[in-house]
Amino acid sequence: LEREASVVFWNFATCVVEGYPDDIRNLLAKPNWEEGEQNHARALAQRSVDPNTDRKEPCGFSETLRFNSELFRGTLAGAMFVRDTKGGPLADFRTVQSPVTAADLAAGNDAATQLQLGLKAFSYCVFLNKPDDVRALLITRPFSKAEDIVFGSLASTFGGCLPAKDGTRISFTRVRLRALL
């Protein structure tokens, strides 16, 4: 079920970003998503892909599928990143700093907050070390052979990017990692 849902949602995100990039940019600019933002993105999927024609090509998002806002937002952001960087070299990200500092990680937060900060720091580190591979990952269909290959190329950065202190455990699924990157 996770595989099927991931593919359906990836198809949806790719479609709606191509059809409504400005709407999706506006949604992604909001720091916190409520049910309204998710409903707005779903409504975009039901519109024509080409707003200048009467042709209806809904993006195929089933109302029965549910994703948490982190996965929803992350998948749309990934699709937007791919759309905006398609066909050209990526910018030099070596000078970009992670928004999560060592002080943030050492602040003694509760376990849930520590996990979120750790995952965010991890995803920034992986991206900043291998932006081209992250873009290649986001282009691939979830759970495909191509995705396996790209995950393999990213794996070498994982150990060096884990911000865990001794005894801290950080875990994530393949679906969540895609959304975080």
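Everything below is about the structure printed above this text.
Quantities reported herein were computed from a predicted structural model and do not represent experimental measurements. (Residues numbered from 1 in each chain as written. Predicted model: local features only at pLDDT ≥ 70, side-chain atom pairs only at ≥ 80, totals over all residues. Heavy atoms only, no water.)

Notes on the overall build of the protein chain
- The number of helices and strands found in the protein chain is nine helices and zero strands.
- The linear arrangement of helices and strands in the protein chain, starting from the amino end, is α-α-α-α-α-α-α-α-α.
- Within the protein chain, residue pairs in contact and separated by at least 24 positions form 73% of the contacts whose partners lie at least 6 positions apart.
- Carbon and sulfur atoms form 53% of the exposed surface of the protein chain, whose accessible area is close to 10100 Å². (Helix = DSSP H or I, 4+ residues; strand = E, 2+ residues; numbered from the N terminus. Contact = heavy atoms within 4.5 Å. Areas by Shrake-Rupley, 256 points an atom, 1.4 Å probe, with all protein chains shown as cover.)

Here's the deal with the packing of aromatic side chains
- Within this structure, the stated rule accounts for three aromatic pairs.
- Judged by centre distance (5.7 Å) and plane angle (80°), the ring pair of Phe81 and Phe127 falls under edge-to-face. Pair noted here: Phe81 is in helix H4 (residues 69–85) and Phe127 is in helix H6 (residues 111–129), with a separation of 46 residues, a long-range link. (Phe/Tyr/Trp six-rings, centres within 6.5 Å; stacked < 30°, edge-to-face > 60°.)

What about the pattern of salt bridges?
- Under the criterion given, the structure shown has nine salt bridges.
- In this structure, Glu18 engages Lys86 in a salt bridge whose closest nitrogen and oxygen atoms are separated by 3.5 Å. Here the residue Glu18 occupies a position in helix H1 (residues 2–19), and Lys86 occupies one in the loop between H4 and helix H5 (102–105), the gap between them amounting to 68 residues.
- The class for Glu18 is partly exposed, based on a relative accessible area of 39%.
- When its relative accessible area of 58% is taken as the criterion, Lys86 is described as exposed.
- Connected via shared salt-bridge partners are Asp22, Arg25, Arg83 and Asp84. (Salt bridge = Lys/Arg side-chain N within 4 Å of Asp/Glu carboxyl O. Buried < 20%, exposed > 50% of the residue type's maximum accessible area, 1.4 Å probe, protein only.)

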